[in-house]
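The lines below spell out each chain.
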Amino acid sequence: MGSVQMKTARSKSPEPAQVAEELLEQLGSFRPKLVTLFAERKRDQRALNRALRERLPAGTRLIGATTNGEIDNDGMHQGSVVLGALGGDFEVGIGLGRDLSRDAIRAGGQAVRRACDELGVRQADLDPRRHLGLVIDDGFRNKKEELLLGVLEKNQSLVLVGGGASDASLDPAQGSSEIHVDGEVATDGALVALFHTTAPWGALRSHAYTPTGKTLTITKVDDSGYRALEIDGQPATKRYAEVLGIDPDKLGFQHPGGFIAHPTALHVGHEYFMRSPYQPLPDGSIYFVNLLAEDTELELMQLGDTAEFTRQFFVEELPRKVKNPSALLLFQCGARAFIASSTNSVPALSQTFTYAPTAAGLNCSFEIYCGFHINTTLTVLAFGSTP
């Protein structure tokens, strides 16, 4: 029996000290065990971290990330700082893994080991009924799959959820991201926050895609693992366009009738994990944002009404899976916001967050759900309460 409570705060003030004062004032007398900080990328993250750390109670832990947009129950925002403050029946251990781009497996192992040490538990002894992991990585390093191998190496039953720190610019040549771990701001790293709780909880996900009944098989992949050279034994771009019945030049993410409307997913049991193509390349290959393996069969998906799917998730699915949901941490793929913008549905999608229990989150750089690197998805860490 247990419960987790949450309060949120938001500021658009320009100065770090002013932001910190406003956020703490909105929390009032609530004394959290953990705060999450989701902040516009162009802000001075170190000054912001320092200003908050100086004002938070000494025992309150702090984690966070730069964003491509911030989220709370008032909707989706740009240019702000959103704070989530959690208290109640949980303990948390936090670890930071470094040098993600050089050795992501090692960074993952380093982060989870340090988090376990803080909780005083061996990795192999983590109880998947009471322990769960939140992962935030430097999303621009694109190392989630290797990172997860390291985090899960000694306990594959640990449930993980999270996403990548991000930036308003999604161009890897221009964008960058940073993560917050207590009094430190880091890049090229990943944090793992391990929770032990007696409260109800769930790692959940929502996306707006349904299967079409058609499949594509990746038959040839380049050495990087991200470029599909052949699909169904044919040049990748040619075959994908043929299945959709459109011109190959209209496949890219900037075209609403291509990969946006008809991405691919990995079918695992009753789940469809979104693993989308991103751009057709001049040589006829397709660049994916997830690692590919030859002979993998992917489901072709169809985009639906993102706002309505999200509303149904908060109103119907979430209460079925988490008893009395009271606190949510949200990791929404930046692609969902991009798609909403390209389809003139940002107000509708933003409004759906008013249906959620108390929530704080960000538009992130790809998502983590139950050990998978996925995309175009909203992933959620939810806590609830029991009498």
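Note that the structure is predicted; figures quoted are calculated from it, not measured. Position labels on residues start from 1 in each chain and follow its written sequence. In keeping with the predicted nature of the model, local features appear solely for residues at pLDDT of at least 70, side-chain atom pairs appear and are counted solely at 80 or more, and the whole-chain, interface and lining totals rest on all residues. Water and hydrogen atoms were dropped before computing side-chain values, which therefore reflect all heavy atoms in the structure.

Trainee: Can you explain the environment of alanine 124? Please cite residues and give values.
Mentor: Here alanine 124 is to be found in the loop between α3 (104-119) and β8 (131-138). Sequence separation between alanine 124 and glycine 2 is 122 residues, and the spatial gap between their C-alpha atoms is 24 Å. Put simply, DSSP H or I for four residues or longer makes a helix, DSSP E for two residues or longer makes a strand, and each gets a number counted from the N terminus.

Trainee: Tell me about unusual backbone geometry, and please be specific about residues and values.
Mentor: We note that aspartate 182 has phi near 55°; this positive angle belongs to a residue other than glycine. Positionally, aspartate 182 belongs in the loop between β10 (179-181) and β11 (184-186). In this model, threonine 376 sits at a positive phi of 45°, which is unusual for a non-glycine residue. Position of threonine 376 relative to the elements: it lies in the loop between β25 (372-374) and β26 (378-383). Three labels apply to residues, based on accessible area from a 1.4 Å probe with only protein chains included: buried if under 20% of the type maximum, exposed if over 50%, partly exposed otherwise in between. Threonine 376 gets classed as buried once you look at its relative accessible area, which sits at 4%.

Trainee: I'd like a description of the sheet that holds strand β3 (residues 61-67), backed by residues and values.
Mentor: For two strands to count as paired, DSSP must find a minimum of two bridges between them. Spatially, β1-β6-β2-β3-β10-β11 is the arrangement adopted by the six strands of the open sheet, whose pairing is mixed. On the outer flanks of this sheet lie β1 (4-11) and β11, each paired with one strand and no other. The average angle at which neighbouring strand axes cross in this sheet is 15°, direction not considered. Alignment of β10 against β11, held across three bridges, turns out to be antiparallel. Note on β11: the bridge partner recorded for isoleucine 179 is alanine 186. Only C-alpha atoms enter the line fits that serve as axes; for helices the fit covers just the stretch in contact. Angles between N-to-C directions range over 0 to 180 degrees.

Trainee: Describe the layout of surface pockets, naming the residues involved and giving the relevant values.
Mentor: Note on definitions: the grid is 1 Å and covers protein atoms alone; a cavity is a set of points where a 1.4 Å probe fits but cannot get out; a pocket is an open set with protein on both sides within 12 Å along at least five of seven lines; lining residues have an atom within 4 Å of a point. Grid points are joined across faces, edges and corners, and a volume is the space filled by probe spheres set on the points. In this model, the second largest pocket occupies a volume close to 330 Å³. In terms of lining residues, the second largest pocket is bounded by 17 residues, among which Arg205, Ser206, Phe313, Glu317 and Lys321 are the most central. Elements supplying a minimum of two residues to the lining of the second largest pocket: β13 (201-206), β14 (209-221) and α6 (306-321). Gly falls in the polar group here, along with every residue not listed as nonpolar (Ala, Val, Leu, Ile, Met, Phe, Trp, Tyr, Cys, Pro) or charged (Asp, Glu, Lys, Arg). The residue inventory of the lining of the second largest pocket, partitioned by class, reads six nonpolar, five polar and six charged.

Trainee: Give me the pattern of salt bridges: which residues, what numbers.
Mentor: Any two side chains of opposite charge can pair, so long as their charged atoms come close to each other. Every case where a carboxyl oxygen of Asp or Glu lies within 4 Å of a side-chain nitrogen of Lys or Arg is listed as a salt bridge. Under the definition given, this model contains 27 salt bridges. Note that glutamate 54 and arginine 55 form a salt bridge whose closest N and O atoms lie 3.8 Å from each other. On the basis of relative accessible area, glutamate 54 is assigned to the exposed category, the value being 59%. Overall, the relative accessible area of 29% leaves arginine 55 in the partly exposed class. As a salt-bridge pair, aspartate 138 and arginine 141 come within 3.0 Å of each other at their nearest N and O atoms. Each of the salt bridges in this network shares a partner with another, and the network as a whole consists of Arg53, Arg61, Glu118 and Asp182.

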